Amino acid sequence: MRQLVIVERVCLIGHIVSMVFGLVGILIVIPNAEMIVSLSEVGQSVMQWSMAGGGVVYMILGALGVLLYAYRTLGLGRALGFLIPSVLISLTSELLGTSTGFPFGHYSYLSGLGYKISGLVPFTIPLSWFYVGCVSYVLARAGLDVDKKPTLFRHVGAIVLGALLLTSWDFVLDPAMSQTSLPFWYWQQPGAFFGMPYQNFAGWMGTGSLFMTVAALLWSKSPIKLDNYQLNIPLLVYLGNFGFATVMSLAAGFPIPVLLGVALGVAPAVILWFKGSNAPATVNIEAATKEVAVANVKVAFK
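Residues numbered from 1 in each chain as written. Predicted model: local features only at pLDDT ≥ 70, side-chain atom pairs only at ≥ 80, totals over all residues. Heavy atoms only, no water.

The protein chain is annotated in an unreviewed UniProt entry as Carotenoid biosynthesis protein of Dolichospermum compactum NIES-806.

Here you go:
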């Protein structure tokens, strides 16, 4: 298990470092092309590799790191129970979106995110749905205490909140990534929200809610149990990806999506993390108190 934790941490650290490296390339190096010419051969090779495969690497590392985290803390069945529905459902939505315009609107992917499935959707895109969706749902489920008080209201609330955290990330990411100096996709029919159609958000909420509902059904037979510190990884992954999107969006001159994302994404995520990470401690204290009481009774009887 120790080796697994090491690999998981290496993947997640690499994920964050890759995002930082990508920000430097997109926001500093590309707009100043003379910097590339002034680099050594090794430096130029690194920059060429970064521009060609940096986006692919950061998403693969993120997906692998979150998958290992889910396997280690939730078990193989639950990890696959989220991975498979999220990848298949998001890929289906993306293929429909890029070919018909439903459910997100009319858009197309450019190069930079890896091999395109059916020539339409980079294979890395469903991976990003998985890892951001997974940490969003885990935070929502833990924050609402679904597994200790499994009511229908709490289950639905976790799905809605998880999908909202996921969509709030897109509030910030999408305007910048489609309008940066090196865009990764473009809207064939730009919308009113900083170039995005409002339909896009409905598509994100719907797609996220759908695969989170499937995961909730698959997880329903056995509740998940997370220690206090085990919610730190989901929060850090969410904030790290939100931070990447924030820097991109502010550099593109879009502060309003960032403020909206903070209000509907970051703030709820932190609150859910705080509630979820503190709930187990209370339960453990109560359990320990009962244990001591029982022990005292046994001693009295002796």
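What follows continues from the structure just given.
Looking at this structure, I do not really get the pattern of salt bridges. What am I missing?
Pairing is possible between side chains of opposite charge, provided their charged atoms come close. Evaluation of the coordinates by the stated rule reveals three salt bridges. One salt bridge in this structure joins arginine 9 and glutamate 8, with 2.6 Å as the shortest N-O distance. For arginine 9, a relative accessible area of 33% gives the class partly exposed. The shortest N-O distance in the salt bridge between aspartate 147 and arginine 141 comes to 2.8 Å. Arginine 141 shares its class with aspartate 147; the two are buried. Linked through salt bridges whose partners overlap, the residues forming this network are Glu8, Arg9 and Arg72. (Salt bridge = Lys/Arg side-chain N within 4 Å of Asp/Glu carboxyl O. Buried < 20%, exposed > 50% of the residue type's maximum accessible area, 1.4 Å probe, protein only.)

What exactly am I supposed to notice about the UniProt feature "transmembrane region" (unreviewed entry) in the protein chain here?
As annotated in UniProt, the feature "transmembrane region" (unreviewed entry) corresponds to residues 12-30, 50-70, 82-105, 117-140, 152-172, 201-219, 231-250 and 256-274 in the numbering used here. With 79% helix and 0% strand, the stretch residues 82-105 has end C-alpha atoms that lie 26 Å from each other. (UniProt positions renumbered as here; feature names shortened; annotations may be inferred. Helix = DSSP H or I, 4+ residues; strand = E, 2+ residues; numbered from the N terminus.)

What's the story with the environment of isoleucine 256 in this structure? I'm lost.
Relative to the helices and strands, isoleucine 256 resides in helix H9 (residues 255-301). The partly exposed category is assigned to isoleucine 256, whose relative accessible area is 49%. Sequence separation between isoleucine 256 and phenylalanine 194 is 62 residues, and the spatial gap between their C-alpha atoms is 9.2 Å.

Any chance you could explain the packing of aromatic side chains here in plain terms?
Counting across every chain of the model gives 21 aromatic pairs. With a centroid separation of 5.3 Å and 50° between ring planes, the pair formed by tyrosine 107 and tryptophan 187 is classed as tilted. One end of the pair, tyrosine 107, is in strand E1 (residues 107-109); the other, tryptophan 187, is in strand E4 (residues 185-187), with 80 residues separating them in the sequence. On the basis of relative accessibility, which here comes to 4%, the residue tyrosine 107 falls in the buried class. (Phe/Tyr/Trp six-rings, centres within 6.5 Å; stacked < 30°, edge-to-face > 60°.)

So what exactly am I meant to see when it comes to helix H8 (residues 232-251) here?
For the α-helix, the turn length of 3.6 residues means that residues three or four positions removed from each other point alike. Between its first and last C-alpha, H8 extends 28 Å over 20 residues, near the 28 Å set by a 1.5 Å rise per residue. Listing the buried residues of H8 in full gives Ile233, Pro234, Leu235, Val237, Tyr238, Asn241, Phe242, Phe244, Ala245, Thr246, Met248 and Ser249. Glycine 253 lies just past H8 and shows a positive phi near 85°. (Expected span 1.5 Å × (residues − 1).)

How do you make sense of a nonpolar patch on the surface when you look at a structure like this?
Together, Tyr71, Leu76, Leu80, Ile84 and Leu88 make up an exposed nonpolar region whose accessible area comes to about 470 Å². By residue number, the principal contributor to the nonpolar patch is helix H4 (residues 76-100), which donates four residues. Inspection of the secondary structure puts leucine 80 in helix H4. With relative accessibility at 35%, the residue leucine 80 sits in the partly exposed group. (Patch = residues over 30% accessible without salt bridge, like charges linked within 9 Å, V, L, I, M, F, W, Y side chains within 5 Å. Areas by Shrake-Rupley, 256 points an atom, 1.4 Å probe, with all protein chains shown as cover.)

What exactly am I supposed to notice about the packing of helix H6 (residues 152-177) against H8 here?
When two helices pack together, their arrangement is given by the angle between their axes and by how far apart the axes lie. Orientation of H6 relative to H8, taken along the N-to-C sense of each, is 30°, at an axis distance of 7 Å. Here H8 runs roughly parallel to H6, going by the angle between their axes. For the element pair H6 and H8, the recorded crossing hand is left-handed. The segment H6 lies against H8, with Leu165, Ser168, Trp169, Val172, Leu173, Ala176 and Met177 engaging Tyr238, Asn241, Phe242, Phe244, Ala245, Thr246, Met248 and Ser249. (Axes fitted to C-alpha atoms, helices over the stretch in contact; angles between N-to-C directions. Parallel < 35°, antiparallel > 145°, perpendicular 65-115°, else oblique. Left-handed = near helix turned anticlockwise from the far one by under 90°. Contact = heavy atoms within 4.5 Å.)

Help me understand the nonpolar core in this model?
Generally speaking, a soluble globular protein has its nonpolar side chains buried in company with each other. Counting 72 residues, the largest nonpolar core has Phe82 and Tyr131 as the members making the most contacts within it. Element by element, the count of residues in this core is highest for helix H5 (residues 124-143), at 12 residues. Apart from the residues within four sequence positions on either side, phenylalanine 82 is in contact with Phe130, Gly133, Cys134, Tyr137, Phe211, Met212, Ala215 and Trp219. (Core = buried A, V, L, I, M, F, W, Y, C linked by side-chain atoms within 4.5 Å.)

Would you mind showing me how to read H6 here?
Taking 1.5 Å as the rise per residue, H6 with 26 residues should run 38 Å; its terminal C-alpha atoms sit 37 Å apart, in good agreement. Most pronounced at phenylalanine 171, the bend in H6 amounts to some 30°, and the proline proline 175 follows within four residues. (Bend = angle between axes of the 7 residues up to and from the residue.)

Can you help me understand the environment of phenylalanine 104 in this one?
You can see phenylalanine 104 is positioned in the loop between H4 and E1. For phenylalanine 104, a relative accessible area of 1% corresponds to the buried category. Ignoring any residue separated from it by four or fewer positions in sequence, one finds phenylalanine 104 in contact with Ser93, Glu94, Gly97, Trp129, Trp187, Pro197, Gln199, Asn200, Gly203, Trp204 and Thr207.

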